[in-house]
Amino acid sequence: MTFNLKEHWENIYQIKSPNEMSWHQEKPHTSLNLITETGLAKDSSIIDVGGGDSTLVDNLLALGYKNISILDVSSIALERAKKRLGNKADSVKWIVSDLKEFETEDRYDIWHDRAVLHFLTTEEDIDKYVKVVRRFLKPKGYLIVSTFSLNGPKRCSGLECKRYSEASIKKIFYDFEHIKSFEEKHLTPWGDSQIFIHSVFKKKGQ
């Protein structure tokens, strides 16, 4: 039986409320800080990949960011986010796609990924991910990627995860300028701890 990624995540979002998701955050402080620390203008193009029904978009809009795209393989997740945002959802671009098959004419100043990359466990899928980032991130654009660290979980949402160190994340983005990496403890809504490693890169070029 072939695993269907879209079906898996549609089912997860259908049966679980936001506070039943291990990655849920009432306010994603770290992501917001890393985005604002880039110093880019509020009309810079930002894509949140695997954004699901995360509250990151609500907070970015509240800060005055105007050019936001949210990508997720789950249409249910995006519909939940749209419903929560109400009329504000009209100012956001919503993209239902498997990231590995993503196509767009757009180019981004900031690529944000919290908890997507670690679900890609094969060399082939990781290579596809990196190629997509290279294609759609503008030269001098920022890549903000957060994954489980070596001290993080081996599985999440019924799927195996790949864990990263600073050295291993730098290895796959070897042609990007590495700005920083740091570990952080995330508490799930039910109080378990998960150790993430957050990394910021800048794409080289003119």
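Along each chain, numbering runs from 1 in the same order as the chain's sequence is written. Only residues with pLDDT of 70 or above have their local features reported here, since the model is predicted, and side-chain atom pairs are shown and tallied only from 80 upward, although totals for entire chains, interfaces and linings are computed over all residues. Side-chain calculation: all heavy atoms of the structure are included, whereas hydrogens and water are not.

A look at the nonpolar core
Within the largest apolar cluster, 26 residues are counted, with the highest numbers of intra-cluster contacts made by Leu-99, Phe-102, Trp-111, Tyr-129, Leu-143 and Phe-173. A run of DSSP states H or I qualifies as a helix once it reaches four residues; a run of E qualifies as a strand once it reaches two. Both are numbered from the N-terminal end. Sorting the residues of this core by element identifies strand E1 (45-49), strand E4 (108-114), helix H5 (123-136), strand E5 (137-148) and strand E9 (193-203) as the ones contributing at least two each. No other element matches the six residues that H5 contributes to this core. Here a residue-residue contact requires only that any non-hydrogen atoms of the pair lie within 4.5 Å. Sequence-distant contacts of Leu-99, defined by excluding residues within four places in its chain, comprise Val-49, Leu-71, Trp-111, Val-116, Tyr-129 and Val-132. Grouping buried Ala, Val, Leu, Ile, Met, Phe, Trp, Tyr and Cys residues that are joined through side-chain atoms within 4.5 Å yields what is termed a nonpolar core. Throughout, exposure labels follow a simple rule: accessible area from a 1.4 Å probe, protein chains only, divided by the maximum for the residue type, with under 20% read as buried, over 50% as exposed, and the rest as partly exposed. Among the nonpolar cores identified, the runner-up in size contains 21 residues, and Leu-34, Leu-60, Ile-68 and Ala-81 belong to it.

Comments concerning the environment of Ile-172
Tracing the backbone through its elements, the reader meets Ile-172 in helix H6 (residues 166-172). C-alpha separation for the pair Ile-172 and Leu-120, spaced 52 residues apart in sequence, amounts to 13 Å. Leave out the neighbours within four places in its chain, and Ile-172 touches Leu-117, Ile-126, Val-130, Arg-134 and Tyr-164.

Focus on the pairing of E1
Within a regular strand, the side chains alternate between the two sheet faces. Burial analysis of E1 places five of its five residues in the buried class, the great majority of the element. Neither face of E1 is exposed, since Ser-45, Ile-47 and Val-49 on one face and Ile-46 and Asp-48 on the opposite face are all buried. Strand pairing follows a simple DSSP-based rule, namely that at least 2 bridges must link the two strands. By the bridge criterion, five bridges tie E1 to strand E2 (residues 67-72) in an arrangement that is parallel. Paired with Ile-46 across the bridge in E2 is Ile-68. For the segment spanning E1, helix H3 (residues 56-62) and E2, crossover handedness is right-handed. Looking down the strands as they point away from the viewer, one classifies a crossover as right-handed if the path from the first strand across the helix to the second runs clockwise.

Regarding the pairing of E2
Buried residues dominate E2, accounting for five of its six residues. As defined by bridge partners, E2 adjoins strand E3 (residues 93-96) across four bridges and the pair is classed as parallel. Looking at E3, one finds that Ile-70 is bridged to Trp-94. Read from E2 through helix H4 (residues 75-85) to E3, the crossover connection turns out right-handed.

Some details on the sheet that holds E9
Either a parallel or an antiparallel arrangement is found when strands of a sheet pair, and the pairing is made through backbone hydrogen bonds. The seven strands are arranged E3-E2-E1-E4-E5-E9-E8 in an open sheet whose pairing can be described as mixed. The open sheet has two edge strands with one neighbour each: E3 and strand E8 (176-187). Sheet twist, expressed as the mean angle between neighbouring strand axes with direction ignored, is 15°. Strand direction decides the pairing type here: E5 and E9, joined by seven bridges, are antiparallel. By the bridge assignment for E9, Val-145 is matched with Ser-199. Only the contacting stretch of a helix is used when fitting its axis, a line to C-alpha atoms as for every element, and angles between N-to-C directions run 0 to 180 degrees. The sheet contacts of helix H2 (residues 29-37) involve E1, E4, E5, E8 and E9, and relative to E8 the element is tilted by about 160°. Each of E1, E4, E5, E8 and E9 is contacted by H5, which is oriented at about 145° to E5, the strand it contacts most.

Structural notes on the pattern of salt bridges
The salt bridge definition used is simple: a Lys or Arg side-chain nitrogen within 4 Å of an Asp or Glu carboxyl oxygen. Applying the stated rule across the entire model yields 12 salt bridges. The closest approach of N and O atoms between Glu-103 and Arg-135, which form a salt bridge, is 2.9 Å. In this pair, Glu-103 is assigned in the loop between E3 and E4 and Arg-135 in helix H5, connecting sequence segments 32 residues apart. Here Lys-128 makes a salt bridge to Glu-124, at a shortest N to O gap of 3.7 Å. With Lys-128 and Glu-124 both in helix H5 and four residues apart, the pair spans about one turn of that helix. Judged by its relative accessible area of 34%, Lys-128 is partly exposed.

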